[in-house]
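Listed here are the chains, written in short residue letters.
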Amino acid sequence: MENTPFSTLFAEICDKNDLLHYVTPELTAQFERLTELMLETNRVMNVTALTTLDKIIPLHYADCLKIAISIPEGATVADIGCGGGFPTLPLAIVRPDLTIVGIDSTDKKVRYVQRTADALKLPNVSTLAARAEELAQDASYRESFDIVISRAVARLNVLDELCMPLVKVGGQFIAMKGAAGQVELDEATHGIGRLGGEILAVKRYEIHLSDTSEDRTLIVTAKTTPTPREFPRPFGNIKKKPL
Ligand code: SAM
């Protein structure tokens, strides 16, 4: 497998995950270039723990592409805790109609994501080095995004308070979770209501690797009323006493 060309593996994994519509020469070339840039940077800073194509393609690319269908045409999107650019970069590659802001508290990660977006000529990506709970206190960002998404940042009962205040009334928060998504949702239900949200959908599916698969849960929350001004609280309080 080590010597299998990128394009062959990309097509195989997309096929297994019902993502064949993304297998065009242009998009394949963009994902191959993203892989080169990511692995090059990974030698000097920690961008990803996944370093082989048989893991990167399903667990980073297919995982992020599976949510593309859940985002409405032309939406403004905030990716909270974008880290090494997931899901920001895969989404921006396949959805040029979206305006995506990759947000992370670690400045060097955000700088890497912006550099990579520029190298891939993705004008629909901008980045911000900020903590979500602090950004939500800034009037120009609070309740300003159509869609907020987040993958692998915190448990849902903490994540909701970081993300929901940034969603416009009428917009949605999409949490990308693994097999334990329903358990996390059960402990977060009360807080979601207090933050102005209502659960719209819980979508379960599998991500298929070459020889195994992993469970995923997308939790989609509709923002139905404004988030009360008292939220988000400082991070220490959110963590110590989730809603
Ligand atoms: N979303 C990426 C992914 O799925 O590969 C990165 C996940 S990484 C495990 C979590 C990221 O969330 C880190 O880069 C961290 O700096 C960021 N983060 C944690 N708390 C945050 C907060 N309150 N506001 C903004 N970013 C945060």
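Structure's up top.
Residues numbered from 1 in each chain as written. Predicted model: local features only at pLDDT ≥ 70, side-chain atom pairs only at ≥ 80, totals over all residues. Heavy atoms only, no water.

Draft legend 1. Geometry of the site of the ligand. Around the ligand sit 16 residues, and of these Gly 81, Phe 86, Asp 104, Glu 133 and Arg 151 come closest. Between a nitrogen atom of the ligand and a main-chain N or O atom of Gly 81, the distance comes to 2.7 Å. Isolated, the ligand exposes 600 Å² of accessible area, and the fraction of that covered by the protein chains is 79%. For the shell around the ligand, the per-class residue count stands at seven nonpolar, four polar and five charged. (Near = heavy atom within 4 Å. Polar contact = N/O pair within 3.5 Å; in protein donor to acceptor, adjacent residues only side chain to side chain. Areas by Shrake-Rupley, 256 points an atom, 1.4 Å probe, with all protein chains shown as cover. Nonpolar A, V, L, I, M, F, W, Y, C, P; charged D, E, K, R; others polar.)

Draft legend 2. Just the pairing of strand S3 (residues 125-129), in detail. As defined by bridge partners, strand S2 (residues 99-104) adjoins S3 across five bridges and the pair is classed as parallel. Note on S3: the bridge partner recorded for Asp 104 is Ala 129. (Pairing = 2+ DSSP bridges. Helix = DSSP H or I, 4+ residues; strand = E, 2+ residues; numbered from the N terminus.)

Draft legend 3. Main features of the nonpolar core. Formed by 50 residues in total, the largest nonpolar core has its most connected members in Phe 31, Tyr 61 and Ile 71. Among the elements that take part in this core, helix H3 (residues 53-65) stands out by supplying seven residues, more than any other. Sequence-distant contacts of Phe 31, that is, excluding residues within four places in its chain, are made with Phe 6, Phe 10, Tyr 61, Leu 65, Pro 90, Ile 93 and Val 94. Of all hydrophobic cores here, the second largest spans 28 residues; its members include Val 167, Ile 192, Leu 195 and Phe 231. (Core = buried A, V, L, I, M, F, W, Y, C linked by side-chain atoms within 4.5 Å. Buried < 20%, exposed > 50% of the residue type's maximum accessible area, 1.4 Å probe, protein only. Contact = heavy atoms within 4.5 Å.)

Draft legend 4. Representation of the packing of aromatic side chains in the model. A full pass over the atoms with the stated rule returns four aromatic pairs. Measuring from ring centre to ring centre gives 5.6 Å for Phe 6 and Phe 10, while their planes differ by 15 degrees; the resulting arrangement is stacked. Of the two residues, Phe 6 and Phe 10 both sit in helix H1 (residues 6-16), four residues apart, roughly one turn of that helix. Overall, the relative accessible area of 5% leaves Phe 6 in the buried class. (Phe/Tyr/Trp six-rings, centres within 6.5 Å; stacked < 30°, edge-to-face > 60°.)

Draft legend 5. Structural detail: the packing of helix H2 (residues 25-42) against helix H5 (residues 107-119). One can describe the packing of H2 onto H5 by two numbers: an axis separation of 10 Å at closest approach and a directional angle of 145 degrees. For H2 against H5, the interelement crossing comes out right-handed. Only Tyr 112, Arg 115, Thr 116 and Ala 119 of H5 make contact with H2, whose side of the interface consists of Leu 34, Leu 37, Met 38 and Thr 41. A per-class count over the contact of H2 with H5 returns five nonpolar, two polar and one charged. (Axes fitted to C-alpha atoms, helices over the stretch in contact; angles between N-to-C directions. Left-handed = near helix turned anticlockwise from the far one by under 90°.)

Draft legend 6. H5, seen in detail. Given a rise of 1.5 Å per residue, 13 residues ought to cover 18 Å, and the 18 Å separating the end C-alpha atoms of H5 matches this to within 8%. Within H5, the full set of buried residues consists of Val 110, Tyr 112, Val 113, Gln 114, Thr 116 and Ala 117. In the core, the buried residues of H5 are packed alongside H2, helix H4 (88-94), S2 and S3. In the stretch just after H5, Lys 121 is the one whose phi turns positive, near 55 degrees. (Expected span 1.5 Å × (residues − 1).)

Draft legend 7. Structural detail: the side chain of Thr 116. Mapped onto the secondary structure, Thr 116 falls in helix H5. Ignoring sequence-local partners within four residues, the contact set of Thr 116 consists of Leu 34, Leu 37 and Leu 89.

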